Each structure stands twice: as structure tokens, then as C-alpha cells.
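# Results of the structural survey
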Amino acid sequence: MKLNMLSAVEMQSKIRTGEASAAEIISDCLDRIELRQRDIHAFVAVDADFSVAQARKADAVRNKPLLSGIPFAIKDIVDSRDFPVTWGSRLHANRRPTSDAHCVWIFRNNGAVPIGISLSTEFACFEPGKTTNPHCTAHTPGGSSSGSAAAVADFMVPLAFGSQTAASVVRPAAYCGVFAYKASCGYLNMDGIMTLAPSLDSLGVFARSVADLRLAHDALTAQTPQPSTNEVAMPKIGLMRGPHWEECSPEQRSACESFVAQLAESGFEVDAELPHPNMFNRLAVDHRLVMCHEISRQRRKEYERHRSQISDSFASLVEVGLEVSANRYREAIELRNSCQKHLEDTMSSFDILVAPAAHGEAPRGLSATGDPLFSRMWTFLQVPSVTVPVGRGPNGLPLAVQLIGKKNSDSELIRNVGRICRTWSSPLNPGRLESEWIA
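Residues numbered from 1 in each chain as written. Predicted model: local features only at pLDDT ≥ 70, side-chain atom pairs only at ≥ 80, totals over all residues. Heavy atoms only, no water.

It is worth spelling out the packing of aromatic side chains at this point. In the structure shown here, the tally under the stated rule is 5 aromatic pairs. Where Phe50 meets Phe83, the ring centres are 5.7 Å apart and the plane angle is 90 degrees; that geometry is what we call edge-to-face. A residue pair is termed long-range when its members are at least 10 positions apart, and Phe50 in helix H3 (residues 48-60) and Phe83 in the loop between strand E2 (71-75) and helix H4 (102-109) qualify at 33 residues. An angle of 70 degrees between the planes, with centres 5.1 Å apart, marks the rings of Phe72 and Phe107 as edge-to-face. Of the two residues, Phe72 is situated in strand E2 and Phe107 in helix H4; the sequence distance between them amounts to 35 residues. Judged by relative accessible area, which is 0%, Phe72 ranks as buried. (Phe/Tyr/Trp six-rings, centres within 6.5 Å; stacked < 30°, edge-to-face > 60°. Helix = DSSP H or I, 4+ residues; strand = E, 2+ residues; numbered from the N terminus. Buried < 20%, exposed > 50% of the residue type's maximum accessible area, 1.4 Å probe, protein only.)

So this is what it looks like as C-alpha cells:
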């Protein structure tokens, strides 16, 4: 098996035992990129010589740090001193950061090797780039973290950074059939990442296993990795269909219900009929209002000074935001605060909520990135989530759920999702169970 097919945890083990070198792993990843980039278009910048040199430096270090030699991709709104970072915009085509974003610095300080810049939609919004879905290139990979999700799904890299303001981590992970972690808003350091809507922006990580997400999370939070333990209390799980359940495809609804049914059969305490309060019905609409309002404040300069160099779709977001009154914005924030309190009360009885990750399979066509509806509510509530692939739809493309935790209890969420995945095998990877955590 080619080394690029390994998970990050498996790469970590082989590097530490001397079964493989970081240079060998990087070489296989670069070979995969060269083979598939013309079809997938996951990257906007790759420097093979630089990455190989960094891998050789990692091999020369005797005491291996946590991520030593593991390749990763960087979304094109996350600064790296070694690559151009253009925010997905032709307006900033010549932008060259002089320092790393905090998350990139953390990864590099832990020995990880940047392999390139993955494509982002324009300003991490809705105008798509050239990236295609690795499962079928006629379908969208989702956005805005299009390149990161596609690169991980296509075995170009085991880890990739993304970000989410509406559905930019959860939706591409769902469409591309990979795992992803979207942090609580404000939980991880966002220094060096383009600001879009400050009360909504969150960092995300794509991977092919929950164990890899935990590895990345522990590096980003400077937590000491611990071996898995057999906790006595099983996570309590509730299926919250939410206000837009009927807008899911029948296959997506069935996938969610089958997932929680399997968990119940595995011994987890499950409530498959958890209602949502009526106040949640407005959250998706008010999320869009708040997002547009904050975008219009953050990116107004580009709109006013360089209108001809930005897309109509992005301009329309700014224009909607400029029309939002201060009173209407405050009303939306007050609703969010009330709903956060209700969710906090609900989650005093649950460890994880299960919800649809998207409407269903990735839509055909590359002119849009899909509907963000199924993440708007959760993004607005600022809670963490982990996207888990749970099967395939009628066209053979992935379906996924998102597992939602308590705000700022990201570590607990990832640990609990890992326990779930150790007892349940995804239909996307039949017969393969999640690896135990390797410290």
C-alpha cells in the first residue's frame, strides 16, 4: 500500500518506529497530487522541493514531536510564510504572507510538513473554484473548504485545515466522505486567518479518521495525548432532526435514523425523538442576516474600491449586509443567546446531538457548492461538531451526519465520537473500525 493511503496516526507510528521516513511519505503524497491534480484541482499552490526538504529535516530530528513528518494542506485563507495565500480572490492574487497563521505555526512546531495551499472559494463564501468531488468529478465537493476536503478524500494528504462561517467544513466533509472537526467559535486561535464574520468564524480540520482529528486537536490545544481508556459512562446521544428535517433527501433522513439505531444496538443510551424548540425555526434565517452584516463590515473595502474584481455572488452578500439595521442585528444576537441557553439546558442531559450534515449527496455540477442550510443553525449557536460519513446515497456519493457537542467542550466531543466509532463501522469503509488512539 502506498504511504499516502495511511492515516495521520498510522504515519506517526511508522515514522516513530522507523518503518517509513517522512521523506518517503511526502514523496507518495506528491506523486498522488501530480497524478490527480488535473482532475480534482484541490491545490492552488504546491512546492515539492520545499516539502521534501522539510520532510528530510523532520527525519533528522531524533526526538520526534507529536506530528513529526505528517503532511498537511492549508486552506487559501490561512496564512503561510512559505506560500502565496490569496483568500480565493483574484483581487489578492499577489498576496504573500510574511508569517504563519497560529494554527500553521503550531503544526510546524510539532513537526508537521506543509505540502501546499488548498483551494478556497472566493473569500471563503459561495463563488466556487475549480475543485471537483473525488467520488465523481461532475459533482461539487462543497465549499468553501473545497480543496482541503477533496485533498484528504483523494489521499493527497491525511490532514488539512479548513474554516467555517456557514457550512464550509461540515458540508464539504459530508460531500467528500471524510471526517471533519469544526471547533467551537472562539475555542481555537484564529490569528493569521482571514476574518469573514467574527462571531461565526471557526477553524476546522479534515481527516480520514476520528483518531486523526484527535491528534490534530491535541496539537492545536497543547494537550498531552492519552491512550484510550474504557470509561464506565457511555455517551448519551439524542437525534435532533431540527426545523429543516423534511428538506433532507429521504436517503439522508434514513441514514441519520439508521445511525442512531445502530448506536442503540451497540449499547449507547439514545433518544431518537428529541424535539427542537420553536425558537430554533428562525436560527438559519438569522444566521444569514448576522453573517451578511458582519461580512459587510469586514470586507467593505474590497466591495467599494474593487467591485469589478469581485464576484456578483460575494457583492450580493455585502449588499444584503449593508441593509441590515443595528436593531435587527441585535434582535438576531438576542435570539441566538436565548437559543444557546436552551441548547445548554438540553445538553445537560446529553453528550452528543446527531443532526443531518447536509441535504443529502453532493449535487451534480460545479457552478455552486451546495446548500449550507443544515449547518447554519449550529454555526450560529457556536457549538463544535464532528462530521462522520455514514453511507452512500442513490448515486453512490457519500452521506454524513454531524455530531454536535457542548460549546467549548471540544475535547470531550472528539473523545466521545472516537468511542462511538470504535464500536461502529462506517459503510464507506466496510469492515474497518476506528484505530485505537496511538500516543
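With that settled, the discussion passes to the pairing of strand E3 (residues 113-118). For a regular strand, side chains alternate in direction, first toward one face of the sheet and then toward the other. Counting buried positions along E3 gives 6 out of 6 residues, so the element sits mostly inside the fold. As paired strands, strand E1 (residues 43-46) and E3 are joined by 3 bridges and run antiparallel to one another. Bridging across to E3, Phe43 finds its partner in Ser118. One ladder, built from 5 bridges, connects E2 with E3; its direction is parallel. Pairing of Pro71 across the sheet is with Val113, part of E3. Taking the sense of rotation as the criterion, the β-α-β connection linking E2, H4 and E3 turns out right-handed. (Pairing = 2+ DSSP bridges. Right-handed = clockwise from strand over helix to strand, strands pointing away.)

As paired elements, strand E7 (residues 236-240) and strand E8 (residues 269-274) share 4 bridges and run parallel to each other. Bridging from a neighbouring strand, Lys236 pairs with Glu269 of E8. At this point the chain moves from E7, through helix H8 (residues 250-265), to the parallel E8, and the crossover so formed is right-handed.

This part covers the side chain of Asn110. By the element assignment, Asn110 lies in the loop between H4 and E3. Of the residues examined, Asn110 reaches a relative accessible area of 16% and is grouped as buried. A polar contact is formed between the side chain of Asn110 and the backbone oxygen of Ile106, at a distance of 2.9 Å. (Polar contact = N/O pair within 3.5 Å; in protein donor to acceptor, adjacent residues only side chain to side chain.)

So, on to the confidence of the model for the protein. Averaged over every residue, the pLDDT of the protein is 94; the share at 70 or more is 94%. Across the protein, E2 holds the top mean pLDDT of 99, while helix H14 (residues 410-421) sits lowest at 95. (pLDDT = per-residue confidence, 0-100.)

Let's shift gears to helix H2 (residues 22-40). In the structure, H2 departs most strongly from a straight axis at Glu34, where the bend amounts to approximately 35 degrees. For H2, every residue scored as buried is listed here: Ala22, Ala23, Ile25, Ile26, Asp28, Cys29, Leu30, Ile33, Arg36 and Ile40. Where the residues of H2 are buried, they touch helix H1 (8-17), E1, H3, E2, E3 and helix H5 (146-153). His41 lies just past H2 and shows a positive phi near 55 degrees. (Bend = angle between axes of the 7 residues up to and from the residue. Contact = heavy atoms within 4.5 Å.)

Where strands meet in a sheet, backbone hydrogen bonds hold them as pairs that are either parallel or antiparallel. One open sheet accounts for 11 strands, arranged E1-E3-E2-E4-E6-E5-E10-E11-E9-E7-E8; its pairing is mixed. Edge strands, defined here as strands with exactly one partner in the open sheet, are E1 and E8. This sheet shows a mean twist of 25 degrees between the axes of neighbouring strands, independent of strand direction. Relative to strand E11 (residues 398-404), strand E9 (residues 352-356) runs antiparallel, the two being bridged by 4 bridges. The partner of Val354 across the bridge, within E11, is Leu403. Packed on one face of the sheet, H3 meets E1 and E3 and runs near 155 degrees to E3. Across the face of the sheet, helix H13 (residues 373-380) comes into contact with strand E4 (159-164), E7, E9 and E11 while running at roughly 15 degrees to E11. (Axes fitted to C-alpha atoms, helices over the stretch in contact; angles between N-to-C directions.)

The subject of this paragraph is the pattern of salt bridges. With the rule as written, the count across this model stands at 17 salt bridges. Measuring nitrogen to oxygen at the nearest pair gives 2.7 Å for the salt bridge that ties Arg300 to Glu304. Of the two residues, Arg300 and Glu304 both sit in helix H10 (residues 300-305), 4 residues apart, roughly one turn of that helix. Members of the salt-bridge network, linked through shared partners, are Arg81, Asp82, Asp100 and Arg108. (Salt bridge = Lys/Arg side-chain N within 4 Å of Asp/Glu carboxyl O.)

Once that is clear, we can look at the packing of H4 against helix H7 (residues 210-220). Between H4 and H7, the shortest axis-to-axis distance is 9 Å and the interhelical angle comes to 105 degrees. In this view, H4 runs roughly perpendicular relative to H7, as classed from their interaxial angle. Where H4 abuts H7, its residues Cys103, Ile106 and Phe107 lie against Ala216, Ala219 and Leu220. Class assignment of the residues belonging to the contact of H4 with H7 gives a composition of 6 nonpolar, no polar and no charged. (Parallel < 35°, antiparallel > 145°, perpendicular 65-115°, else oblique. Nonpolar A, V, L, I, M, F, W, Y, C, P; charged D, E, K, R; others polar.)

Inspection of the secondary structure puts Leu397 in the loop between strand E10 (385-392) and E11. What makes Leu397 buried here is its relative accessible area of 2%. Measuring from C-alpha to C-alpha, the distance between Leu397 and Thr165 comes to 25 Å, with 232 residues separating the pair along the chain. Non-local contacts of Leu397, meaning those with residues more than four positions away in its chain, are made with His135, Cys136, His139, Glu361, Ala362, Gly391 and Arg392.

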